[in-house]
Amino acid sequence: RGVQAHRLCPPRGAGSSLEPEERSMEPPAVPEEEEEEEAVPLSVAPGPVGCQLFGYVGIEAVLDQMKIKTMKTGFEFNIMVVGQSGLGKSTMVNTLFKSKVSRKSSQPGQEERIPKTVQLQSITHVIEEKGVKMKLTVTDTPGFGDQINNENCWDPIIKYINEQYERYLREEILITRKRKIPDTRVHGCVYFVPPTGHWLRPLDLEFMRRLSKIVNVVPVIAKADTLTLEERAEFKQRIQEDLKTHAISVYPQEDFDQDPEDRALNDRIREKIPFAVVGADQEHQVNGKRVLGRKTKWGIIEVENPAHCEFPLLRDLLIRSHLQDLKDITHNVHYESYRVRRLNESNRPG
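One numbering rule holds for all chains: residues counted from 1, following each sequence as written. Where local features are concerned, this predicted model is filtered to residues with pLDDT of at least 70; where side-chain atom pairs are given and counted, the filter is 80 or more; whole-chain, interface and lining totals use all residues. With hydrogens and water stripped out, all remaining heavy atoms of the structure feed into the side-chain values.

Going by an unreviewed UniProt entry, the chain carries the name SEP12 protein and comes from Ptilorrhoa leucosticta. UniProt positions are given in the numbering used here, feature names are shortened, and annotations may be inferred rather than shown by experiment. Taken verbatim from the UniProt record of the chain, the Sequence similarities (unreviewed entry) comment is "Belongs to the TRAFAC class TrmE-Era-EngA-EngB-Septin-like GTPase superfamily. Septin GTPase family." Of the comments in the UniProt record for the chain, the one headed Subcellular location (unreviewed entry) reads "Cytoplasm, Cytoskeleton".

Below you can see the structure in the form of structure tokens.
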């Protein structure tokens, strides 16, 4: 019996594979006689930042899975253009997506007239490029700033943006809700500033002050080819001073920069805002190549040439580099603030 017991119960110093390894984390008890000796300090090693793998696991395949799923389901992007008539809003949208997606081009033959009040019109298209589908909704605001008295002309725009938040909220709080809630929220608002070369008008300041609190506002200088390079630089500097003086936070907002690399990139973008853009939806022959541009007596203004205008910066911001960030800020910041406000109102007694 003693031999069997000795085999079943190994000595303490040998260690058993049946016992959990967590016990080795506890420091052994120090006898009273050894406490008088010089104590050796215990050093705790810092936790590892990452776990080193012994072989290929396949974690990177998650990116391929997300890409395949996105290509099948597609995604949504909603953009709003605001500005006076004649500033080239429809042409700019067509130039951005290189297709006839604006309200004006999608309704040929209709008489163009200035409405008495601001009327919002939305056009939805499905654009596909290299297998990726995007459901694009363009919202135009004809009548904005075209009247003699433009008091409270931003109210219909604010109402429309809040209605899209309300529609999403009602779908979200349902007990049995859809697997994918249709997203009609405005992800970005491109505001067209007239190329006056002076200061921002009170209408421009008041609109951006009110709208920047509920939506991502990107100001641009429309028809920048009407200004010289010196006039354009001075106008941009004055607009930046006006925005800073009136504490208007346009996109990309400095408060939402968390990653140092993102902050460095957004700082370079903020130095260029507002973008001086030129829109054109017609191609011309330049040095044997077909380019988008506007033909003048002294040459062709190439829209996608950074030396001629800053349209490439606007395109990269809205589509190539910050499209997902626009959607994230809309959902996590603007929609979240609206959701909290609405739920607080509904919980108030009476």
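More follows now that the structure is in view.
1. What about the overall build of the chain?
Put simply, DSSP marks the helices as runs of H or I at least four residues long and the strands as runs of E at least two long, and each gets a number from the N terminus on. When helices and strands are tallied, the chain shows 10 helices and 9 strands. In the chain, which comprises 350 residues, the proportion classed as buried is 36%. Throughout, a residue-residue contact means that at least one pair of heavy atoms, one from each residue, lies within 4.5 Å. Sequence-distant contacts in the chain: of pairs separated by 6 or more residues, those separated by 24 or more amount to 67%. Using a 1.4 Å probe, the Shrake-Rupley method yields the accessible areas, and only the shown protein chains count as cover for residues. Taken as a whole, the chain presents about 23500 Å² of accessible surface, with 52% of it coming from carbon and sulfur. Here the term buried applies to any residue with accessible area under 20% of the maximum for its type, exposed to any over 50%, and partly exposed to those in between, with areas from a 1.4 Å probe on protein chains only.

2. Let's talk about the pattern of salt bridges
When a carboxyl oxygen of Asp or Glu lies within 4 Å of a side-chain nitrogen of Lys or Arg, that pair is called a salt bridge. For the structure on display, the rule yields 18 salt bridges. A salt bridge links Lys98 to Glu304, with the shortest nitrogen-to-oxygen separation between them at 3.1 Å. Taken together, the positions of Lys98 in the loop between α3 (89-97) and α4 (103-106) and Glu304 in the loop between β9 (299-302) and α9 (311-321) put the pair 206 residues apart, joining distant regions of the chain. In this structure, the salt-bridge partner of Arg210 is Glu206, at a minimum N-O distance of 2.8 Å. Separated by 4 residues within a single helix, Arg210 and Glu206 lie in helix α6 (residues 202-211), roughly one turn from each other. Within this structure, Lys98, Glu304, Arg315, Asp316 and Arg320 form a network of salt bridges that share partners.

3. Digging into the layout of surface pockets
Think of a 1 Å grid over the protein atoms and nothing else: a 1.4 Å probe that fits but is trapped marks a cavity, an open set flanked by protein within 12 Å on at least five of seven lines marks a pocket, and residues with an atom within 4 Å of a point count as lining. Grid points are joined across faces, edges and corners, and a volume is the space filled by probe spheres set on the points. If you add up the space inside the largest pocket, you get close to 1300 Å³. Forming the walls of the largest pocket are 34 residues, and the residues nearest its centre are Thr70, Phe75, Glu76, Leu323 and Lys327. The element best represented in the lining of the largest pocket is helix α10 (residues 323-347), accounting for 6 residues. Taken together, the residues of the lining of the largest pocket break down into 11 nonpolar, 8 polar and 15 charged. Charged residues are taken to be Asp, Glu, Lys and Arg, nonpolar residues to be Ala, Val, Leu, Ile, Met, Phe, Trp, Tyr, Cys and Pro, and polar residues to be all remaining types, Gly included.

4. As for the packing of aromatic side chains
Describing an aromatic ring pair means giving the distance of the ring centres and the angle of the ring planes. Each Phe, Tyr or Trp ring, with Trp reduced to its six-membered ring, pairs with another whose centre is within 6.5 Å; inter-plane angles below 30 degrees give stacked pairs, above 60 give edge-to-face pairs, and intermediate values give tilted ones. For the coordinates displayed, the defined rule picks out 6 aromatic pairs. An angle of 85 degrees between the planes, with centres 6.1 Å apart, marks the rings of Phe144 and Tyr191 as edge-to-face. Placement of Phe144 in the loop between β3 (132-140) and α5 (155-172) and of Tyr191 in strand β4 (residues 188-193) is noted, with a sequence separation of 47 residues between them. Of the residues examined, Tyr191 reaches a relative accessible area of 0% and is grouped as buried. Ring geometry for Tyr191 and Phe207: centres 4.7 Å apart, planes at 20 degrees, overall stacked. In this pair, Tyr191 sits in strand β4 while Phe207 sits in helix α6, placing the two residues 16 residues apart along the sequence. No difference in accessibility class separates Tyr191 from Phe207, as the two residues are buried. Linked through ring pairs, Tyr165, Tyr168, Tyr335 and Tyr338 together constitute an aromatic cluster.

5. Considering the sheet that holds β3
Here a strand pair is declared whenever DSSP counts at least two bridges between the two strands. Spatially, 6 strands are ordered β2-β3-β1-β4-β5-β6 in an open sheet, and the strand pairing comes out mixed. Whereas interior strands pair on both sides, the edge strands pair on one side only; in this sheet they are β2 (121-129) and β6 (275-276). Sheet analysis places β2 next to β3, joined by 9 bridges and oriented antiparallel. Residue Glu128 lies in a different strand from β3, and its bridge partner there is Lys133.

6. Quick notes on the nonpolar core
Phe207 and Leu211 are the most contacted members of the largest nonpolar core, which totals 74 residues. When residues in this core are grouped by element, the largest group, 7 residues, is from α5. For Phe207, the contacting residues outside a window of four places in its chain are Val82, Phe144, Trp154, Ile157, Cys189 and Tyr191. Residues belong to a common nonpolar core when they are buried Ala, Val, Leu, Ile, Met, Phe, Trp, Tyr or Cys residues joined through side-chain atoms within 4.5 Å.

7. Describing the sheet that holds β9
Strand order in the open sheet formed by 3 strands is β7-β8-β9, with antiparallel pairing between adjacent strands. Both edges of this open sheet fall to β7 (283-286) and β9, since each of them pairs with a single strand only. Put simply, the sheet's adjacent strands are angled 70 degrees from each other on average, direction ignored. Here strand β8 (residues 289-296) pairs with β9 via 4 bridges, running antiparallel. To get an axis, a line is fitted to the C-alpha atoms, and for a helix only the part in contact is used. The angle between two axes follows their N-to-C directions and goes from 0 to 180 degrees.

8. Looking at a nonpolar patch on the surface
Residues enter a patch when their relative accessible area is above 30% and they make no salt bridge; the linking distance is 9 Å between like charges and 5 Å between nonpolar side chains (Val, Leu, Ile, Met, Phe, Trp, Tyr). A cluster of nonpolar side chains, namely Leu53, Val57, Ile59, Val62, Leu63 and Met66, defines an oily patch on the protein surface of about 620 Å² accessible area. In this structure, Leu63 sits in helix α2 (residues 61-73).

9. Describing the packing of α3 against α9
At their nearest, the axes of α3 and α9 sit 10 Å apart, and the two run at 70 degrees to each other. Comparing the axis directions of α3 and α9 gives the class roughly perpendicular. Crossing angle aside, the handedness with which α3 passes α9 is right-handed. Together, Met92, Thr95, Leu96 and Phe97 of α3 and Phe311, Leu314, Arg315, Leu318 and Ile319 of α9 make up the contact between the two elements. Broken down by class, the residue content of the contact of α3 with α9 amounts to 7 nonpolar, 1 polar and 1 charged. Each angle gets one of four labels, with under 35 degrees taken as roughly parallel, over 145 as roughly antiparallel, 65 to 115 as roughly perpendicular, and the rest as oblique. Helix crossings fall into two classes, left-handed where the near helix is turned counterclockwise from the far one by less than a right angle and right-handed where it is turned clockwise.

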